[in-house]
Every structure is written in structure tokens, then in C-alpha cells.
Amino acid sequence: MKHDMKKEKVLVAASVASMIDQFNMPNIRLLLELGYEVHVACNFLEGNTCDESRIQKLKKSLRELSVCYHQWDCPRKIWSVGKSSRAFRQLLELTKRYRFAWMHCHSPIGGALARLVAHRCGIRVIYTAHGFHFYQGAPLHHWLLYYPAEKLLSYWTDVCVTVNREDYQFAKKHLYRKAGSLFYIPGVGIDTERFHSLPQDRTLGRKRDFCRKYGIPKDACILLSVGELSRRKNHRAVIAALAEMEEKNCYYLVCGQGGQKRRLMRQAKRLGVEGRVRLFGFQEHVEQFYRYADIFVFPSLQEGMPAALMEAMAAGMPCVASDIRGNRELVENRFSLGNKEQLVKLLESLVADDRLRRQRGLVYQKTMAGYGLRAVQKRMRRIYAGMKPDIRISVLVAVYQPNAAWLEQQLVSVSRQTFPVYEVIIMDDSADADVFRTVQKIAAKSLFDMPRVSVCQSSRREGSNRTFEKLVRMANGNYLAFCDQDDIWEPQKLEMLVKAIQKEGAVMAYSDMSVIDEHGVLVFQSLRKMRRGLSYVNGGNTAAKYVAENCTAGCSMLVRADLAKQAVPFCSCTYCDQWIALYAAACGRVVFVRQPLVRYRRHGGNQTGRLQGICSKQDYYKKRVVPMYGLICEIKRRGIHFEQEKQVAAFAKARLCRKMTGIFRYRKCSRKYAYFDLLLLFLPDVLADRLFHVLQRK
């Protein structure tokens, strides 16, 4: 599938495909409406509560919506350590490949793994708890296993969505939550219009054909359950109650598949009700059962907010449910778990009174109005809208014996940005107490109205690379802007770089610069026009261009913080701006803003040029050729991969060894340097020195 580079990518992750099919298709459509490129990761092969034909229909629906789906071998059991480890690696690789803006995860194991990956990759995450495994009356081992895990993971959850009030109150009181990060939605959203007409059909006497189809007497009272054939769904309680009921013309139908089918039929046979129990397996169109059954029974041991019970209520069915979380929020006719007599009494009262059944059904149908799909989607839209990129920019300033006036002008320009700055961190590398006090005074004067300003000092002179390494580690924002001590930022610099990143789905943006002299007088309107021989990187798959030559000044860039932190420690073969730009380009898209957004101050201490400080062949090979080879070696050592990496490595080695054939063969990596190197191979040292002298004067 072709990906739209301009769209932000979002991942919807769940342990099994049936959870995507049953609960998340409306969310996926909502995300598409909001302009996201949606990816789905789940286990299509194992653990699903629907059959294979339904899985294939789900895949077809996803394809028709242009949703990318990925097989994720996520287990459903907490003790599957090996499978969980493999699933973690799969999801981590998937997240690094597509660079999701954020993810929405579901189910306990899938949600835990997704949040671990999101924390590892530094992206935001929504977790929908479809019912915590720890709750009032839960087994002790559930509290010992799941509660500590959820307590820890709550610190790495940006938004937690609960689907029942009991879980909401518990999370509010006992789990970590950021301000405005905990939400309650009434279930997963039921399409009430789909079931609204079913009660009318039930009164038209069309039940006869249904009963004939399934071998049920036409005057029988039909009990219905919908749910997986598992211990948790507790269908055995209804079979036991069926055997105790005085009314023998009752039949129990179950729609669902699972491993408990044989055990349930053995129980029915042992109790003498085998002929009155029907296990139909998974049913894609369950509406016909809601239409013709008389009473819906939901005996589950554990639920979050049961969709099947809500569907039955929307269909106007009288319901009997176990007294557990989720069910308590929906129905009044409840029985205590393990109390067979209470269940029998509730069922017999409804079987004996047709009028009571109709009254209860109408009441439940009205109740479901507040749990409809529209109400839930309205809340989900607000939650998704809050997940739009939260841009928090940390401005990192490295200073060394600064000119006080120039530093003040630079910091004032930072304080006047039209896009809000999250924090400013200044590191003085002078290792001089007097200089540090001066820097503190300038920062206090220039940044007095900014909420977060830190001024630090190195204990010894470490150089710009090591200083910026420290600053990157200290940064708390999710985007970093590197700042020199003597330039001036245009007021709209950060705003335009942020817009470029959002528009192009980029991981880094940088801009052109104008050039001023020591007195602040404009010398060149555009560095791009002044240095016409320099090729400015823009787009995807651009890492190879950064190996041969750097076109990105640190003071002009805005880069994602997680990538900059991964790039630490910086390569010693080059400056930090080239290394960070190379790392970012290997991970995603880089965008160049053609408008000059920085006034770059050129003075005696920072004169720049492609051949600055190079006066001979020896200087050239030492300062241009050897660093490029060292850079490619460091890239290999770090495991950074990009297109054309083999060709670039061969080109760097040919330059180092001064092999004419290799340089010419791989000249496409950098035609400018290739032809210049070939020229130097033929020039005597005297003429080469003269050439460098002439080029520097230009």
C-alpha cells in the first residue's frame, strides 16, 4: 500500500482481530475522517471469538478503507513470556518503521505491550480499558498480577479510557493520571438504530419459522446468551438453572464459539437437558436471535461493559444478568454469582409473565439511548482531537565566553517567538565563574517572562559537541531547537518550522539563513544564494547526502527530541548538527524551509566556508576525507541503515585510499567531491596549494 507522507500515522493495536472487528471499526472510521493514515496491528490467526470467514471480511473492510493491517503475534495469556517478548519486538520494529504519531491500544496484554513500546519510542498512547482484571470480587491472583502492572503502566499512559463507572472511579483514585487524561465513555457504542425495529418484528408471529429451523417447539420460551464459550462467560450457570426450572418448555440458545463446547454439552447431558440446549457457534448476523428469543441471559463472571447485553437491551429484550461490574450499570434483574436459586427465580418470573417481559424490554431499550454509537463517537472525537501533536519545544543554548551584547540579542529573539517556547536551557562551557555570573544576568534580563529557564555550567571546557550532548539529555520537550550564542532568530522561526513538520509529516525541519556582520548589518539576504554550490536536503531517504556534506546549521533546525536523544553520544568525526541531521534523515523525512529564519552573524571567530582552514592537500584529506570515512564507520557501528549506504561507504573508502577508479565509479554519491578529488590526484602539491588559496579568496 502506498503511504501518504503528508498524513500522520496512527496505530490501533489489540490482542485479537475480533476486538478490532467488534469494537474499533467506528474508531477507525473516525480517525480516517480526522485525516490520519490508520494502521491496525492484531492477531488475525489465534484467539479470536469470530470465525475465519468473518476475519476475511474484516481484512476486506480494512482494505476498502485504505487501512494498513499487520499480523501481530500478541498472546492473550499473561504467562506467555516468550510470545510476549516476540510480540514486543514485532511492535517495536513496526513502530520504528512507520514512526506513528501516537497509538490507541486495547486489551490487557496488548495494551501493556503497546504502552511499553510507546514509552520506548517516545510517542503518546491511548489505552482503552475494556474492564480491569482487578475489581471488587476479583480473584487474589488477579490483584497480585494485574494491579501492580497497571499501576506502573499508568505512568506511561497519556490517555486512559474506561467503559464503566466502577473502573473510572477506581482509576481516578488509585492509578496515576495526568490532568485531563482520564475519560469515561458509556461502553463501546451500540448501533441502536440497527436493533430498534426488532421488538415490532417479535410481535408479528414470525417466530414459527425460526423455531422450525432450529427444532424448537413453537410455543417454547427461548432463553438466549451471546458470548464466547469460555469459563468467564459462565454459561454452565444457565444450564444448571434450566434443569431446576419448573417450566420444562424452555430452551437455551448460545451464540458463540470456544473451547468449552464439549464440557457444556456434557453438563447438559448429565442434568437431562441436552435436548433443550443449542450451541450454535459464532453467528455473524445475531439480530435474528434477538428478534425471536424471549429472554436474554448474561451470566458472565467478569465484564467491563458487555456489548452483547447492550445489544439485547437495544433490541428491547428483557434481560437477566449476573451481579458484576458493568452489568450493575445496565440492568436491575441481577443474580449473585453462585446463587442458582436466585437465577431460577428471576427466570421463572419472566417466563410466566409475557406482559412483564414486554415492559422490561421497553424500559431497557430506552436506557440504551445514552449508550448509542453517536454518543460514544462524540466523546471519542474529543479524545482523538486532544491527541493532535503536542509540540513542546526545548531551546538549547551552548555558550563559551560570549559577547554579552550578542548573547542578549539572541536570547531576546528567543523570547519573542510567535510559537510558545516550552523551556530554555543554557549551558556555559567557559568553566569561569565570572563568565557564568554574566550569563545568568543576561538570561534573567532577556528571558524574564519565560516560565522555564535553566542556566548551567560545565566544570571544565568540553567543546560544543559534548555541551550539546548534555543539553539534549536535560531537555524535557518533545522537539529541540539548537541555539548559538551570537545569532538572531526571526520572530516566526519556530512557528514556520513547526508548520513545515506538521504539513510534511517530517522528523526534522531547517531553514535558510541570512548573514549579518559583527555590527548586525545585513551582508547576504540568503545563505542559500550565497553558497550556490551547496545542495540543500529536502524530502525522504536523504541520509546519504548528509554523509558527504552538511547543509544544515544547528541554529536553523528543529528536530524531534527522541531522535536527538538516540543520536547521543554524538560522533566525534563531525559537528553535532551534521550528526543529528544524518540520524534524523535516516529515520524519516527532512523538510527545508526556503525562507531565511535566522540572522547568522559572521565574524572573525566563526568564519565559515567549504574550505575554511584548508591550505594544502594534507589539510584537505585530514579535514574533509578522513572525517567522512570516520563518519561512515560510526554509522555502521551504531547500526544506522539508509538507502545507498553501501555505495556511500565504498565512495568514502575510495576517497581515503585515493583510488581513482573507485571515486569515479561511485561519483553519484557526491559529484562535486568526486571530481575535485580526481583533480587533486593529478595536481602537484604546489599547484594544489595555489588552488586552495584561490578558492578561499572566492
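Everything discussed here concerns the structure shown above.
Residues numbered from 1 in each chain as written. Predicted model: local features only at pLDDT ≥ 70, side-chain atom pairs only at ≥ 80, totals over all residues. Heavy atoms only, no water.

Chemist: Got a minute to help me understand the overall build of the protein in this structure?
Modeler: Along the protein, the regular secondary structure elements total 29 helices and 22 strands. Taken against the 2.2 N^0.38 rule, which gives 26 Å for 698 residues, the C-alpha radius of gyration of the protein at 33 Å runs more than 25% over that of a compact globule. Its C-alpha atoms give the protein principal-axis dimensions of about 110 × 60 × 45 Å. For the protein, buried positions account for 54% of its 698 residues. A sequence separation of at least 24 residues applies to 74% of the contacts in the protein between residues at least 6 apart. Carbon and sulfur atoms form 50% of the exposed surface of the protein, whose accessible area is close to 32,200 Å². For the protein, the separation between the mean place of its 112 positive charges and that of its 66 negative charges on side chains is 3 Å. (Helix = DSSP H or I, 4+ residues; strand = E, 2+ residues; numbered from the N terminus. Rg over C-alpha atoms; globule rule 2.2 N^0.38 Å. Buried < 20%, exposed > 50% of the residue type's maximum accessible area, 1.4 Å probe, protein only. Contact = heavy atoms within 4.5 Å. Areas by Shrake-Rupley, 256 points an atom, 1.4 Å probe, with all protein chains shown as cover. Lys, Arg positive; Asp, Glu negative; His and termini not counted. Charge placed at Lys NZ, Arg CZ, Asp CG, Glu CD.)

Chemist: Explanation requested: the pairing of strand S12 (residues 319-322) in the structure shown.
Modeler: Each regular strand displays side chains that alternate between the two surfaces of the sheet. Of the two faces of S12, the one holding Cys319 and Ala321 and the one holding Val320 and Ser322 are both buried throughout. Two elements, strand S11 (residues 295-298) and S12, share 3 bridges in a ladder whose sense is parallel. If you follow phenylalanine 298 over to S12, its bridge partner there is alanine 321. You can see the chain leave S11, run along helix H13 (residues 307-314) and come back into S12, and the turn it takes is right-handed. Pairing of S12 with strand S13 (residues 334-335) involves 2 bridges; the strand directions are parallel. Residue pairing in the sheet places alanine 321 in a bridge with arginine 334 of S13. (Pairing = 2+ DSSP bridges. Right-handed = clockwise from strand over helix to strand, strands pointing away.)

Chemist: Looking at this model, I keep getting lost on the sheet that holds strand S4 (residues 102-106). Mind explaining?
Modeler: The strand order across the open sheet formed by 7 strands is S3-S2-S1-S4-S5-S6-S7, and the pairing between neighbours is parallel. Among the strands making up the open sheet, the edge pair consists of strand S3 (68-71) and strand S7 (182-184). Pairwise comparison of adjacent strand axes, ignoring direction, gives a mean angle of 20° for this sheet. The sheet contact formed by strand S6 (residues 159-162) and S7 spans 3 bridges and is parallel. Bridge pairing in S7 places cysteine 160 opposite leucine 182. (Axes fitted to C-alpha atoms, helices over the stretch in contact; angles between N-to-C directions.)

Chemist: Even after reading the chapter, I still don't get the environment of lysine 470, so can you show me in this structure?
Modeler: With respect to the helices and strands, lysine 470 occurs in helix H19 (residues 464-474). Each C-alpha atom, one on lysine 470 and one on lysine 213, is 75 Å from the other, the two residues being 257 residues apart in sequence. Excluding residues that lie within four positions of it along the chain, lysine 470 makes contacts with Met427, Ser458 and Glu462.

Chemist: Any chance you could explain the sheet that holds strand S8 (residues 221-226) here in plain terms?
Modeler: Hydrogen bonding along the main chain pairs the strands of a sheet, whether they run parallel or antiparallel. Taken together, 6 strands build an open sheet; the order of strands is S10-S9-S8-S11-S12-S13 and the sheet is parallel. If you trace the sheet from one side to the other, it starts and ends with strand S10 (277-281) and S13, each paired once. Relative to S10, strand S9 (residues 250-255) is paired through 4 bridges, and the arrangement is parallel. Looking at the pairing, leucine 253 lines up with arginine 278 of S10.

Chemist: Just to check I follow, could you spell out unusual backbone geometry for this structure?
Modeler: For residues that are not glycine, phi is negative in most cases, and the peptide bond is trans in most cases. The step from valine 568 to proline 569 runs through a cis peptide bond, and the omega angle for that step is 0°. Among the secondary structure elements, proline 569 is positioned in the loop between helix H23 (561-566) and helix H24 (576-587). In this model, arginine 658 sits at a positive phi of 55°, which is unusual for a non-glycine residue. According to the relative accessible area criterion, arginine 658 is partly exposed, its value standing at 46%.

Chemist: I tried to follow the pattern of salt bridges on my own but got confused; where do I start?
Modeler: Between side chains of opposite charge, a pair can form as their charged atoms come close. Summed over all chains, the structure comprises 32 salt bridges. In this structure, arginine 325 and aspartate 167 form a salt bridge, with 2.9 Å as the shortest nitrogen-oxygen distance. Taken as a pair, arginine 325 in the loop between S12 and S13 and aspartate 167 in helix H6 (residues 165-174) lie far apart in primary sequence, 158 residues in all. Across the pair, aspartate 167 and arginine 325 agree in class, each one buried. Aspartate 209 is the partner of arginine 212 in a salt bridge, and the nearest nitrogen-oxygen pair spans 2.8 Å. On the criterion of helical spacing, the pair formed by arginine 212 and aspartate 209 is a turn pair, its members being 3 residues apart in helix H9 (residues 207-213). Look at the salt bridges and you will find they share partners, linking Glu166, Asp323, Arg328 and Arg334 into a network. (Salt bridge = Lys/Arg side-chain N within 4 Å of Asp/Glu carboxyl O.)

Chemist: Where do I start with the nonpolar core in this structure?
Modeler: The tendency in soluble globular proteins is for nonpolar side chains to be buried side by side. In this structure, Ile393, Val395, Met508, Tyr510 and Tyr546 are the most contacted members of the largest nonpolar core, which totals 95 residues. No other element matches H24, which puts 8 residues into this core. (Core = buried A, V, L, I, M, F, W, Y, C linked by side-chain atoms within 4.5 Å.)

Chemist: Hey, could you run me through a positive patch on the surface in this one?
Modeler: Residues Arg231, Arg262, Arg263, Arg266 and Arg270 make up a contiguous surface patch of positive charge. As for its position among the elements, arginine 231 is in the loop between S8 and helix H10 (235-244). (Patch = residues over 30% accessible without salt bridge, like charges linked within 9 Å, V, L, I, M, F, W, Y side chains within 5 Å.)

Chemist: I tried to follow H19 on my own but got confused; where do I start?
Modeler: In an α-helix, one turn spans 3.6 residues, which is why side chains three or four residues apart end up on the same side. Taken residue by residue, H19 has Asn465, Thr467, Phe468, Glu469, Leu471 and Val472 as its buried positions. In this structure, the buried residues of H19 make contact with strand S14 (393-399), strand S15 (423-428), strand S17 (479-483), H23 and H24.

Chemist: Sorry if this is basic, but what is going on with the environment of histidine 104 here?
Modeler: Relative to the assigned elements, histidine 104 resides in strand S4. Residue class for histidine 104 comes out buried when judged on its relative accessible area of 1%. Along the sequence, histidine 104 and tyrosine 251 sit 147 residues apart, while their C-alpha atoms lie 41 Å from each other. Beyond its immediate sequence surroundings of up to four residues, histidine 104 is in contact with Leu11, Val12, Ala13, Asn27, Ile126, Thr128, Met380 and Tyr384. At 2.7 Å, the side chain of histidine 104 and the side chain of tyrosine 384 are in polar contact. (Polar contact = N/O pair within 3.5 Å; in protein donor to acceptor, adjacent residues only side chain to side chain.)

Chemist: Is there a simple way to explain the pairing of strand S5 (residues 124-129) in this structure?
Modeler: Taken across its 6 residues, S5 has 5 buried, putting it largely inside the fold. With 5 bridges connecting them, S4 and S5 associate as parallel partners. Residue pairing for S5: histidine 106 is matched across the bridge by threonine 128. Between the parallel elements S4 and S5, the chain passes through helix H4 (residues 108-121) in a crossover that is right-handed. In terms of strand pairing, S5 meets S6 through 4 bridges, oriented parallel. In the sheet register, threonine 128 faces S6, and the bridge partner there is valine 161.

Chemist: Looking at this structure, I do not really get the side chain of serine 154. What am I missing?
Modeler: Its location among the elements puts serine 154 in the loop between helix H5 (140-153) and S6. Residue classification places serine 154 among the buried positions, given a relative accessible area of 4%. With sequence-adjacent residues up to four places away left out, serine 154 is seen in contact with Arg115, Leu175 and Tyr176.

Chemist: Mind showing me how you'd approach helix H1 (residues 17-33) here?
Modeler: Taking the largest bend as the criterion, H1 deviates by roughly 75°, centred on asparagine 24, and proline proline 26 comes between one and four positions later. The buried fraction of H1 amounts to 12 of the 17 residues, a majority that puts the element mostly inside the structure. Looking at H1, one finds that the buried residues are Ala17, Ser18, Met19, Ile20, Asp21, Phe23, Asn24, Met25, Asn27, Ile28, Leu30 and Leu31. Residues of H1 that are buried make contact with strand S1 (9-16), strand S2 (37-43), helix H2 (52-64), S4, H13 and helix H16 (373-385). One or two positions beyond H1, positive phi appears at glycine 35, with a value near 95°. (Bend = angle between axes of the 7 residues up to and from the residue.)

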